[in-house]
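Given next are the chains, with one letter for each unit.
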Amino acid sequence: MASLETGKRETLPRSSSSARGSFHPISLRSRCSRFLLFKRLDYLQWISTVAVFLFFVALFQMFLPGSVTDKNIPLQRIQHADMELLSEIRELHFGETLKFHPWKLLSKFHKDADDGVSTSNLTKKRFAYRKPQLALVFPDLLVDPQQILMVTVAASLQEIGYSIQVFSLEEGPMRAVWGRIGVPLNIIQTGDSNEIAVDWLNYDGIILNYLEARGLFSSFMKEPFKSVPLIWTIHESTLAIRLRQYNSSGQVELLNDWKRIFARASVIVYPNYFLPMMYSILDSSNYFVIPGSPSEIWQANTFVSHPIKNIRSRMGYDDDDLVIVIVGSRFLYRGLWLEHALILQALHSILENSSDVISSDHLKLVFLSGDSNSNYSLALKTVAHNLGYPKGSVIHIPFDGDVNSFLAVSDLVIYGSFLEEQAFPDILVKAMSFEKPIVAPDLNIIKKHINDGVNGYLFPKDDVRLLTQIIIEACSKGKLSAQASQIALVGKQTARNVTVSGVVEGYASLVGNVVKLPSEAALPKADIPPRLKETWQWNLFEAYDQSSYVNRTLRSLDLIGKVEQQYNLSHSDEAPEGGTFIYSIWEGERKIQMATIRKKREDDELKDRTDQTRGTWEDVYRNAKKADRLKNDLHEREDGELERTGQPICIYEPFYGEGAWPFLHHKSLYRGIGLSTKGRRPGADDIDAPSRLQLLGNPYYRQALGEYGAFFAIANRVDRIHRNAWIGFQSWRATARKANLSDIAEKRLVHAIQNRKHGDALYFWVNMDMEPRNPQQRDFWSFCDAVNAGNCKFAFGEALEKVYGIKHHNFSSLPPMPLDGDTWSVMHSWALPTKSFLEFVMFSSGRRMIYVDPVSGAFQEQHRLRTRRGQMWVKWFSFATLKSLDEDLAEEYDTEHPKRRWLWPQTGEVFWQGIYEREKNQRQQEKDKRRQQSKDKISRMRRKNRQKVIGKYVKPPPEDDVSLNSSAVNSNTRR
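Residues numbered from 1 in each chain as written. Predicted model: local features only at pLDDT ≥ 70, side-chain atom pairs only at ≥ 80, totals over all residues. Heavy atoms only, no water.

**Student:** Give me the lowdown on the overall build of the chain, citing residues and values where you can.
**Tutor:** Along its length, the chain carries 39 helices and 27 strands. By the burial criterion, 47% of the 975 residues in the chain qualify as buried. In the chain, 74% of the contacts between residues at least 6 apart in sequence involve partners at least 24 apart. For the chain, the accessible area works out to roughly 51500 Å², and carbon and sulfur atoms hold 51% of it. (Helix = DSSP H or I, 4+ residues; strand = E, 2+ residues; numbered from the N terminus. Buried < 20%, exposed > 50% of the residue type's maximum accessible area, 1.4 Å probe, protein only. Contact = heavy atoms within 4.5 Å. Areas by Shrake-Rupley, 256 points an atom, 1.4 Å probe, with all protein chains shown as cover.)

As C-alpha cells, then:
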C-alpha cells in the first residue's frame with residue numbers, strides 16, 4: 001500500500017471524527033509545547049500566540065459535551081491566565097514532512113528493471129522491427145480536460161517512438177482532434193451479450209481513462225487479457241465519497257467488487273496527492289500520482305467565458321469591498337488551525353495600523369478549507385470575533401462548496417498553508433487562472449514556479465509579519481495596485497501551462513516502467529522534445545465552445561447509480577410488481593419440465609428392460625469397458641456435430657479463456673478446443689484439451705506450448721475425437737485481425753479438398769508478409785529471431801545437436817528456407833490431410849504449400865516442390881527417421897522408467913515395437929489362461945464323484961390302463 005510519510009504533525013481525513021476527539025483540556029500544555037516554539041517574541045508575535053491559544057480554547061469548548069461557547073471572553077483574561085505557559089514557548093516549525101510514497105510499486109519497477117523486463121533494460125537483444133503499441137481507451141469522445149491531457153501526452157509518446165490507437169465505446173467530437181495528430185480511432189463493437197471484440201494482446205500496454213470505463217473491465221479481467229499491462233487514470237472523487245457509505249451500511253459485496261476491479265489495474269494514476277487518500281480503502285499497492293491537469297484552467301476559463309450578471313452583489317459584496325480568499329492544503333492537519341489564526345492576526349494588523357489600505361467594514365475574508373460536514377466554520381468565526389473582526393466579515397467555505405464563484409469575485413488570494421506539498425497546489429492554479437494575484441509562503445514547490453514580484457508574492461513561512469507588508473503594497477484604498485494587477489496577468493499566463501512538463505515526463509516514465517516490450521519492438525527515445533513539454537495542446541480545442549464541456553461528475557454518478565441498482569436487484573428480498581403472475585408462469589414451466597424429465601426417465605428404463613442376449617461374465621465386462629470408452633459419444637448430438645460428421649474437414653480453433661469467445665465461430669465447419677478446463681463456452685461442443693493431454697493442466701507447459709498444446713491434444717488417439725479425412729486449425733487472433741476465411745473462401749477450400757485439386761497439400765491463409773510484427777518483410781530466419789529475442793536459430797541448432805549430433809556454431813547447418821519471393825504461414829491457420837497432420841506433430845511434413853486468399857478464396861502455390869528438390873532435409877525430417885527416433889525414446893521410457901524431468905513422454909501416446917509385442921504376449925497369455933481354466937473346469941467335472949443310485953423310480957401306469965385292468969379282473973371274477 002502507498003504510505004504516508006509524516007513527521008511530528010499528523011494528517012487526518014477531512015471529516016474524520018478523530019480530529020475532533022483528539023483535543024482535551026488536560027493535554028493542552030503538552031500539545032501546545034509540541035506545536036509552538038517561538039524565537040524571541042516581540043509584541044506582534046505575543047498577540048499572535050495569544051490568538052492561537054484563544055482559538056484552542058474555543059475549540060475545546062465546542063467539542064466538550066454540554067459546553068457553551070462564551071463569545072465575550074476578554075483577550076486580557078486569557079493572556080493573564082496562561083502567561084506561565086506562554087513563557088515556555090520558544091520556536092514554531094511549520095509544515096513538517098508529509099509525503100505520499102508508493103513504495104511497493106516503485107520497488108516492483110526497480111526489480112523489473114534489474115530482471116531485464118522493462119523498457120529501460122538494454123541487455124536483451126532487440127531487432128526494432130516495429131514500434132511499441134499502446135491503446136488509449138475512453139468510454140466516450142466528449143470534450144473535457146482529461147481529453148486535453150491525454151492528447152498532450154499522446155503527442156509526446158508518439159514523438160519518442162510509440163504507436164498509439166484510440167478506442168471508445170461511443171462516437172463524439174474528439175474524433176477530429178485525434179485525427180489531427182495522426183492517431184487512428186476505433187469504436188469498440190460489442191456482441192449480443194455485450195462482449196467486447198478487441199484483441200488486447202496486440203498492444204504492449206493500455207491506458208484506460210475515467211471511472212465510466214468500469215464496464216470495459218469485463219474484458220480485461222478475463223483470460224487471455226489478464227496479463228496485459230493496464231494503466232487506469234482516475235480524476236473523479238465521486239466514488240470515494242460513496243465508498244464511505246458502502247462501508248458504513250455494510251454493503252461489503254459492493255465494496256469488494258470495486259476492490260477487485262481496482263486490483264486488476266497495473267497502476268492507478270491520480271492527478272493529485274489527495275485522491276489516493278480518499279480511495280485508500282481500495283488500495284492494492286498500485287496507486288501512483290502524476291500531479292497536474294488542465295482541469296483547473298479549463299474550469300476557470302469556462303466560468304469567465306460565461307459570467308453571471310452582478311455576481312458580486314448577489315454574493316453580498318459591494319464594489320468597495322476588498323475580498324481576500326485564504327486557501328490552503330486539501331489535507332486537514334492539526335497545524336492548519338494555527339496557520340489560519342496567524343493569517344487572521346496578520347490581516348487584522350492592517351486594520352489597526354494601516355487604515356488607508358482598507359477600512360474594517362470593507363475587508364471581507366473567505367477561508368476555503370475542510371468540507372461541509374466539519375465544525376470548522378463555527379470555530380473560525382469564534383476566533384475572528386475574539387480578534388475584533390466585524391460580524392460577517394470572516395466566513396468559511398468548504399472545498400465542496402461554490403469555490404469558483406468566490407475565486408471569481410475575490411481581489412486577492414492568500415495561500416494560508418505552510419505544509420510542504422509534493423506538487424504545486426491545484427487551488428493556486430485555479431486562482432491564477434482567474435487572474436487573481438496570489439500571496440504564498442516560500443515553500444519549495446511554490447518557489448519552483450512563482451517568482452516574487454513577477455507572477456506572485458512570496459513571504460517567509462517563519463515570519464508571517466511580512467504578509468502584512470505585502471498586503472499593504474498590493475492594495476490601496478480597497479483596490480488592487482497596478483503592480484498587483486500586472487502580477488496577476490503574468491500569473492495567469494504561468495498557470496496556463498505550469499504542470500505540463502511534469503505530466504508529460506511523468507506519463508512517459510510510467511509507461512516505460514509498466515510496459516514490457518517484446519524483442520521485436522524498438523525501445524522508445526529517452527528525451528522528449530522541449531516544445532512538447534511547454535504547453536497543453538490548447539490549439540486543437542479552440543474550435544470547441546467550453547460551455548459544451550461534459551460534466552464528468554454527473555456521468556460518474558450515473559454509472560455508480562447503475563452499479564448500485566444492479567447490486568440492489570441481485571440482493572433484494574422483495575418480489576417485484578406482478579409477482580403472482582410471474583410466479584404462475586414459472587410454476588407452469590417447472591411442471592412441464594418435471595413431466596418431460598419423468599417421461600425421459602421412463603423411456604430410459606423401458607429401453608433397459610428390452611430383451612437382451614445372454615452371455616458370459618467376460619462379455620458383460622467387455623461391453624461395460626466399451627461403453628465407458630465411448631461415453632462421450634453417447635450424448636445427444638447437436639445439429640452442428642451431425643453436420644460435421646459428413647464434412648471432409650473440421651477446423652479447430654484453440655483458445656484460452658473467456659476473452660477469446662467473441663472471436664470463435666459457431667458454424668459446423670469449426671470446433672473450439674479449450675486449452676484450459678476453465679473458460680469453456682457453455683452449451684458449445686468444445687473439446688477440453690487438458691482432459692486429453694494432462695500436460696496442459698500445468699500452467700507453465702500450457703503457456704510454453706501455446707497452440708501446439710492443442711495439436712498434441714488432438715493427435716493423441718485422434719480416432720476417438722476426429723473422424724474427418726482432413727483437419728485444420730485457425731487462431732482466434734486471426735479472426736480478431738479479420739484475417740480469417742470468408743464464407744466464399746470456406747466454400748472454395750472445401751470444394752478443393754473434396755475434389756483433391758492439389759492432392760496431399762497444406763493450405764494456409766495467414767501469411768508472413770501481412771504480419772504486423774514484420775513490416776520490413778524480413779526473411780524467415782530473421783523474423784523468427786526477431787520475435788524470439790534472437791534465440792530462434794540458436795534454439796533450433798541446439799535441438800538438432802541434441803537429436804542428431806549436428807554442430808551449429810556458425811548456423812550453417814540450419815535448414816534452408818527459400819528466398820524465392822514467396823511467403824510462409826504464420827498464426828497456425830492452415831489445413832491438411834489428417835494422416836499428414838499426424839506426421840506434422842512428429843515434425844515431419846514436407847508437402848505442397850497452397851496459399852488461400854482469405855477474402856476471395858483464390859489459390860496460389862508457394863515454394864514449388866520442383867524448386868525445393870535437393871534442398872530439403874529429407875533424411876532428417878522423413879517420417880521413417882523420426883518414427884525410429886520416437887520409438888527409441890519410447891523404449892527408453894518404457895524399460896528404464898527414468899526419474900528425471902522429461903517433457904517428451906507427456907506430449908502423446910508412448911509406443912514402440914516392444915510395447916506391441918508385450919501387449920500381444922499379454923493377450924496370448926490371457927487367452928491361454930482362459931483356455932486352461934476351461935480345461936480345468938471340464939477335468940474337474942469329469943473327475944467329480946457321483947453318488948450311487950439308492951432306489952429306482954417306477955412310473956405308475958396311466959389311469960385308463962388301471963380301469964381296463966380292473967374291468968378285466970371283474971369279468972374274470974364273474975366267470
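**Student:** Describe the sheet that holds strand E16 (residues 438–441), with residues and values.
**Tutor:** Spatially, E14-E13-E11-E15-E16-E17 is the arrangement adopted by the six strands of the open sheet, whose pairing is parallel. Edge positions in the sheet fall to strand E14 (394–397) and strand E17 (457–459), since each of these pairs with one other strand and no more. Adjacent strand axes in the sheet meet at a mean angle of 20°, parallel and antiparallel pairs treated alike. This element, helix H16 (residues 376–386), spans strand E13 (363–368) and E14 of the sheet and lies at about 165° to E14. (Pairing = 2+ DSSP bridges. Axes fitted to C-alpha atoms, helices over the stretch in contact; angles between N-to-C directions.)

**Student:** A description of the packing of aromatic side chains should follow, citing residues and the corresponding values.
**Tutor:** A complete count under the given rule lists 38 aromatic pairs for this structure. Where Phe711 meets Trp830, the ring centres are 5.4 Å apart and the plane angle is 55°; that geometry is what we call tilted. One end of the pair, Phe711, is in helix H29 (residues 707–715); the other, Trp830, is in strand E25 (residues 830–833), with 119 residues separating them in the sequence. The exposure class assigned to Phe711 is buried, which follows from its relative accessible area of 0%. By relative accessible area, Trp830 is classed as buried at 5%. Summarising the aromatic geometry, the rings of Phe780 and Trp781 are spaced 5.3 Å apart at their centres and angled 85° between planes, so their arrangement reads as edge-to-face. Under the relative-accessibility criterion, Phe780 is labelled partly exposed at 23%. Among the aromatic residues, those joined into a cluster by ring pairs are Phe167, Trp200, Tyr203, Phe217, Phe220, Trp232, Trp258, Phe262, Tyr270, Tyr279 and Tyr287. Lying across the ring of Trp258, Arg214 places its NZ or CZ 4.5 Å from the centre. (Phe/Tyr/Trp six-rings, centres within 6.5 Å; stacked < 30°, edge-to-face > 60°. Lys NZ or Arg CZ within 6 Å of the ring centre and 35° of its normal.)

**Student:** Account for helix H23 (residues 552–570), with residues named and values stated.
**Tutor:** With 19 residues, H23 extends 27 Å from end C-alpha to end C-alpha; this agrees with the ideal 27 Å at 1.5 Å per step. Residues of H23 that are buried make contact with helix H10 (238–249) and helix H11 (252–264). With a side-chain oxygen positioned 3.1 Å from the backbone nitrogen of Thr553, the residue opening H23 is Asn551. (Expected span 1.5 Å × (residues − 1). Polar contact = N/O pair within 3.5 Å; in protein donor to acceptor, adjacent residues only side chain to side chain.)

**Student:** Tell me about the state of the cysteines, residues and numbers included.
**Tutor:** In protein structure, a disulfide is the covalent linkage between the sulfur atoms of two cysteines. The full count for this structure, using the stated rule, is one disulfide. Here Cys784 engages in a disulfide with Cys792; their sulfurs sit 1.9 Å apart. Because the sign of the S-S torsion sets the handedness, a value of about 80° for the bond joining Cys784 and Cys792 places this disulfide among the right-handed ones. (Disulfide = S-S within 2.5 Å.)

**Student:** Hey, could you go over the pairing of strand E21 (residues 670–674) for me, with residue numbers and the actual values?
**Tutor:** A regular strand places its side chains so that they alternate between the two faces of the sheet. Where burial is concerned, most of E21 is hidden: five out of the five residues are buried. Neither face of E21 is open: one carries Tyr670, Gly672 and Gly674, the other Arg671 and Ile673, and all of them are buried. Pairing of strand E20 (residues 649–655) with E21 involves five bridges; the strand directions are parallel. When the sheet's bridge partners are listed, Phe655 is paired in E21 with Gly674. By the bridge criterion, two bridges tie E21 to strand E22 (residues 687–688) in an arrangement that is parallel. Bridging from a neighbouring strand, Ile673 pairs with Ile687 of E22.

**Student:** Which residues make up the nonpolar core, and what values go with them?
**Tutor:** Ranked by size, the top nonpolar core spans 95 residues in total, and within it Trp200, Trp232, Leu239, Phe262, Tyr279, Leu365 and Tyr389 carry the most contacts. Broken down by element, this core gets its largest block of residues, 10 residues, from helix H15 (residues 335–353). Once you skip the residues sitting within four places of it in the chain, Trp200 turns out to touch Ala135, Val137, Phe167, Ile188, Ile206, Ser219, Phe220, Phe225 and Val228. Counting residues in each nonpolar core, the second largest holds 83 residues, with Ala154, Val323, Val413 and Ala431 among its members. (Core = buried A, V, L, I, M, F, W, Y, C linked by side-chain atoms within 4.5 Å.)

**Student:** Provide a residue-level description of the sheet that holds strand E10 (residues 287–289), including the pertinent values.
**Tutor:** Strand order across the open sheet formed by seven strands is E6-E5-E4-E7-E8-E9-E10, with parallel pairing between neighbours. Looking at which strands have only one partner, the edges of the open sheet turn out to be strand E6 (185–187) and E10. For this sheet, the mean inter-axis angle between neighbouring strands, taken without regard to orientation, is 25°. Two strands pair when backbone bridges link them, and strand E5 (residues 163–168) and E6 are joined in this way by three bridges, in the parallel orientation. Looking at the pairing, Val166 lines up with Leu185 of E6. Along the sheet, helix H7 (residues 145–159) contacts strand E4 (133–138), E5, strand E7 (205–209) and strand E8 (230–233); its crossing angle with E4, the most-contacted strand, is approximately 175°.

**Student:** Requested: an account of the packing of H10 against H23, with residues and values cited.
**Tutor:** Relative orientation of the contacting elements H10 and H23 amounts to 30°, with a least axis distance of 9 Å. In terms of crossing hand, the pair formed by H10 and H23 is right-handed. Mapping the contact onto sequence places Thr238, Leu239, Arg242 and Tyr246 in H10 and Thr553, Ser556, Leu557, Ile560 and Glu564 in H23. Across the contact of H10 with H23, the residue classes break down as four nonpolar, three polar and two charged. (Left-handed = near helix turned anticlockwise from the far one by under 90°. Nonpolar A, V, L, I, M, F, W, Y, C, P; charged D, E, K, R; others polar.)

**Student:** Describe unusual backbone geometry, with residues and values.
**Tutor:** The step from Glu223 to Pro224 runs through a cis peptide bond, and the omega angle for that step is 10°. Position of Pro224 among the secondary structure elements: in the loop between helix H9 (217–220) and E8. At Ser285, a residue that is not glycine, the phi angle is positive and equals roughly 60°. Secondary-structure assignment places Ser285 in the loop between helix H12 (275–278) and E10. Unusually for a residue other than glycine, Met827 sits at a positive phi of about 65°. Mapping Met827 onto the fold places it in the loop between helix H33 (792–804) and E25.

**Student:** So what's going on with the pairing of strand E24 (residues 761–764)? Residues and values would help.
**Tutor:** Along E24, one buried face is formed by Ala761 and Tyr763 and the opposite face, lined by Leu762 and Phe764, is buried too. Where E24 and strand E26 (residues 848–852) come together, four bridges link them in parallel fashion. Bridging across to E26, Ala761 finds its partner in Arg848. The pairing of E24 with E25 spans two bridges and is antiparallel. Bridging across to E25, Tyr763 finds its partner in Ala831.

**Student:** How would you sum up the environment of Phe911? Please name residues and give values.
**Tutor:** Locating Phe911 in the fold gives a position in the loop between helix H37 (879–896) and helix H38 (913–942). Residues Phe911 and Asp886 lie 25 residues apart in sequence; the distance between their C-alpha atoms is 8.2 Å. Among residues more than four places away in sequence, those in contact with Phe911 are Glu887, Ala890 and Tyr916.

**Student:** Hey, could you go over the side chain of Asp688 for me, with residue numbers and the actual values?
**Tutor:** Here Asp688 lies in strand E22. The contact partners of Asp688, leaving out residues within four places of it in the chain, are Gly674, Ser676, Thr677 and Arg680.

**Student:** Explain the confidence of the model for the chain to me, using residue names and the numbers behind them.
**Tutor:** Across the chain, pLDDT averages 79, with 78% of residues at or above 70. The low-confidence segment residues 3–95 (pLDDT under 50) makes 156 contacts with residues lying over four places distant or belonging to another chain. Here residues 574–583 is a poorly scored stretch, pLDDT under 50, and it has two contacts once near neighbours within four places are set aside; other chains count. (pLDDT = per-residue confidence, 0-100.)

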